[in-house]
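Fold and contact review
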Amino acid sequence: MNGLRRTTLLGLAGAALISQPQTAGAEELTVMATGGAWQAALHQAWFEPFAKKTGIKFNEQEYTGELGKIKAMVETGNVPIDLVTVETSTVLQGCDAGVLIHLDYSKIADRSKFLPGTALDCGVGIDVYGDVLAYDTTVLKEGPTSVLDIFDTKKFPGKRAMRKAAAQNLEWALMADGVPAADVYKVLGTPEGVDRAFKKLDTIKKDLVWWDAGAQPPQLLASKEVVMTTAWNGRIQSAIDHDNRPFAIAWNDQIVEFDMISIPKGAENLDLAYKYLAYAAEPEVSAHLGSYIPYGPVRADAASFVPKDVLPKLPTAPDHMKTYLVSDVEFWGDHGEDLIKRFNAWLAQ
Amino acid sequence: MSSIALPRIRMRDQRESLRPFALATPLLLLLFFSFGAPILALLSRAVYEPTIANALPRTIAALRADSGAGVPDEPVFLAFAADLKEAQAQGGVQEFAKSLNTRLSGARSQVLRIARNAGQDQAPSKEAMIKAAPLLGEPRFWAAIRQGANRFTSFFLLSAFDLRWTDQGTIGAVPADQAVFVRVFGRTFLIATIVTLSTLALAFPLAYLMNNLRPAIAGIVLVLVLLPFWTSILVRTAAWTVILQKYGLLNDLLLWLGLTSQRLELMYSRTGLIIAMTHIQLPFTLLPIYSVMRSVPPSQLRAAQSLGAQPFTAFWRVYLPQVMPGVLAGCLLTFILCLGYYITPVLIGGASDQLISNFIANYVNAELNWEMAAALSFVLLASTLGLYVTMTRFLGLDLFKMG
């Protein structure tokens, strides 16, 4: 009996320890980002300078960019995250699922100063990046010039890699099939257009390898597993600049996208989170990131603050914007679920 | 005397039999609250989805009053506009739009457009609403609403079998280009079967060998089997990517030995996946077989042979029936674990080697469609339990007696 009582007491003591409220120290902001070279750049360009300036401590976490984890936090009412970086299409999803809050732009910056499509209800843009085609110059002496060359298996034989996602790949398939960039989403909105896109993807299906995480494309190229791969331009540039890889980028027909930052519903340090968003939206500050990873600012008036040597590496450099497509978030909000399911069914065949 | 003593004895017996349960109560409670209840709560999402019903109380009432099927009359449209206006004001309209979009692709943006118009106090009318959102003029839109009006739904469970309610109110197959889950379930069971048989082919001779080795050497072999077993599954999977990749160890070795003339595509292929899964699952099949083999006295085989049985007959009639429970237990364990594989297919499997867990994870994490994830989980859990019951009932295997 005595033993039993002791166990009960121990159990209660343990429970008390666990349920003890966390003691609040200095002001602390918890931010969750998608890791890799990109998060390291965020840290250097924004998190650290902001922490130095305000004395607010930054607590950084990493995640895969999928909102399931945050949805679980919101549903259980325990949200230890104040800021989270997300892709544009994910912002829309999080907005719809009630996982991200509607931002109050009066606490951030003048909404009209942002590039079109970068100041959304539930997320504010932080950078512009390009979905591009990358290759190893030692493997392909005469490399591709456009992303659409990934469909040319005659000129460039061998395995090639694409992101395991319906978005971007279906757009490129239509563009490679001759649809002008301006009409891509109109065509993709029709059943015939979807058939057409999958038919085009069929032509290279047996040569394709699929990647999930942004860090994979440089690895696939480095291990010579593929001769070319679609990628986010910053990850490739980072491999060129920091790891001295002999990689190169084909910019024509890139798809331009934006990274976003959002506040999850139920975040504890709402005021601090807004304070950070306002800081990062200042034109000069928003241009900082480019020095650490070649992604452009989302404000038109920030362009003049981007260092001269960084400009030619950005997706928004004039040389890179000869032909491009801006990803249509609303389209993917509408048709995403069905197209992804069909894409998965197509993969499984 | 006995008539007085008997009830007391029975009571004591009952108390005696309850005591183990009383001692296990904390554990049972912990299991229920941390394991059973959350699983039940999640699985209930597969059949309970109240978003549409909650968002549209007026519309549903009006639909009930409306006469037929197809596109309803003006009052329903007005009620719909009023419901959306309120949902817009309370911030719930996007959740509703997403939920409806799951049932009817493309509905999201049109519903949001109607909600925005309703919020701006434009006088709604059936004609104006259909003009702004053409989907509202189609019977399938209202069929989706009518189905969603019921808080308890079979939509997700049917979807898990690539089925749906047709507009005529019967159950039919989804379009071929949307049919994915039956194939994935089939693939999951196929790969689990192949891996189970491969591990059995490796484990049975190895267990037999270990049983006949000197104890010291058998101990070393056992440690060799267990060492990888103690390593995290993620580490072992990552190790296999190093070995299997195009410029990896295995390809280098095969080329050097002259067994192949060009590098094999082992990564992102089913072959690679089965190799890695077989390695990871080997101890699970091996250990039950080994433990049962140890309990079979070697003298029995000798006795059978001394009584005139051929070695094969002795093995087949005397040895195998005795180790069969271990074989079945090991295979069942591996088969069930294979059904839930997630990380190895992600890292080593190709696009057409993804198992049902990968789809569940995708619905939970990426698409935030937990209802679909719950339905797929339910089917997986039910088929696993069904398999377990079949094995224990009809093959006479009782895992509880194994220990």
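All of the points below concern the structure found in this document. This is a predicted model, so every value here is computed, not measured. (Residues numbered from 1 in each chain as written. Chains lettered and ligands numbered in written order. Predicted model: local features only at pLDDT ≥ 70, side-chain atom pairs only at ≥ 80, totals over all residues. Heavy atoms only, no water.)

Some words on the nonpolar core
All names here are of chain A. Grouped together as the largest cluster of nonpolar side chains are 75 residues, with contacts concentrated most on Tyr 276 and Leu 277. Residues in contact with Tyr 276, not counting those within four places in the same chain, are Leu 29, Trp 46, Phe 47, Phe 50, Phe 58, Leu 83 and Ile 261. One finds Val 147, Met 162, Val 184 and Leu 201 within the second-largest nonpolar core, a separate group that totals 40 residues. (Core = buried A, V, L, I, M, F, W, Y, C linked by side-chain atoms within 4.5 Å. Buried < 20%, exposed > 50% of the residue type's maximum accessible area, 1.4 Å probe, protein only. Contact = heavy atoms within 4.5 Å.)

Points about helix α4 (residues 74-90) of chain B
Residues and elements named next belong to chain B. Over its 17 residues, α4 runs 25 Å from end to end, which matches the ideal 24 Å to within 8%, given 1.5 Å per residue. When we look at burial in α4, the residues that qualify are Val 76, Phe 77, Ala 79, Phe 80, Ala 81, Asp 83, Leu 84 and Ala 87. Elements that come into contact with the buried residues of α4 comprise α2 (51-55), α3 (57-65), α5 (93-103), α6 (107-119), α7 (126-132) and α8 (139-148). (Helix = DSSP H or I, 4+ residues; strand = E, 2+ residues; numbered from the N terminus. Expected span 1.5 Å × (residues − 1).)

Let's talk about empty space enclosed by the protein
Residues and elements named next belong to chain A. Counted according to the given criterion, the structure contains three cavities of 30 Å³ or more. Taken together, 13 residues form the lining of the largest cavity, with Val 124, Gly 125, Ile 126, Ala 280 and Ala 281 sitting closest to its centre. At the level of secondary structure, the elements contributing two or more residues to the lining of the largest cavity comprise β4 (124-136) and α10 (270-280). In terms of residue class, the lining of the largest cavity is built from 11 nonpolar, two polar and no charged. In this structure, the second largest cavity is lined by Asp 131, Arg 163, Gln 168, Trp 172, Trp 211, Thr 230, Ala 231 and Trp 232. (1 Å grid on protein atoms, 1.4 Å probe; cavity = no way out; pocket = protein on both sides within 12 Å on 5 of 7 lines; lining within 4 Å. Points joined across faces, edges and corners; volume = space filled by probe spheres on them. Nonpolar A, V, L, I, M, F, W, Y, C, P; charged D, E, K, R; others polar.)

Brief notes about the pattern of salt bridges
Residues and elements named next belong to chain B. Here the structure, examined in full by the defined rule, presents 22 salt bridges over all chains. A salt bridge links Arg 58 to Glu 86; the shortest N-O distance between them is 2.6 Å. Taken together, the residues Arg 58 in helix α3 and Glu 86 in helix α4 connect sequence positions 28 residues apart. Accessibility expressed as a relative area gives 35% for Glu 86, which makes it partly exposed. Here Lys 246 makes a salt bridge to Glu 265, at a shortest N to O gap of 4.0 Å. One end of the pair, Lys 246, is in the loop between α12 (233-244) and α13 (249-257); the other, Glu 265, is in the loop between α13 and α14 (270-295), and 19 residues separate them in sequence. On the accessibility criterion, Glu 265 (37% relative accessible area) is partly exposed. (Salt bridge = Lys/Arg side-chain N within 4 Å of Asp/Glu carboxyl O.)

What to know about the state of the cysteines
Taken as a whole and judged by the stated rule, the model has one disulfide over all chains. Here Cys 95 of chain A is linked by a disulfide to Cys 122 of chain A, with a sulfur-sulfur distance of 1.9 Å. Looking down the S-S bond of the Cys 95 of chain A and Cys 122 of chain A bridge, the torsion is 60°, so its handedness is right-handed. With Cys 95 of chain A in helix α4 (residues 88-96) and Cys 122 of chain A in the loop between α4 and β4, this residue pair connects regions lying 27 residues apart in the sequence. Judged by relative accessible area, which is 7%, Cys 95 of chain A ranks as buried. Taking the relative accessible area as the measure of exposure, Cys 122 of chain A reaches 1% and is therefore buried. Not engaged in a disulfide, the cysteine Cys 331 of chain B finds its nearest cysteine sulfur in Cys 338 of chain B; these two sulfurs lie 10 Å apart. (Disulfide = S-S within 2.5 Å.)

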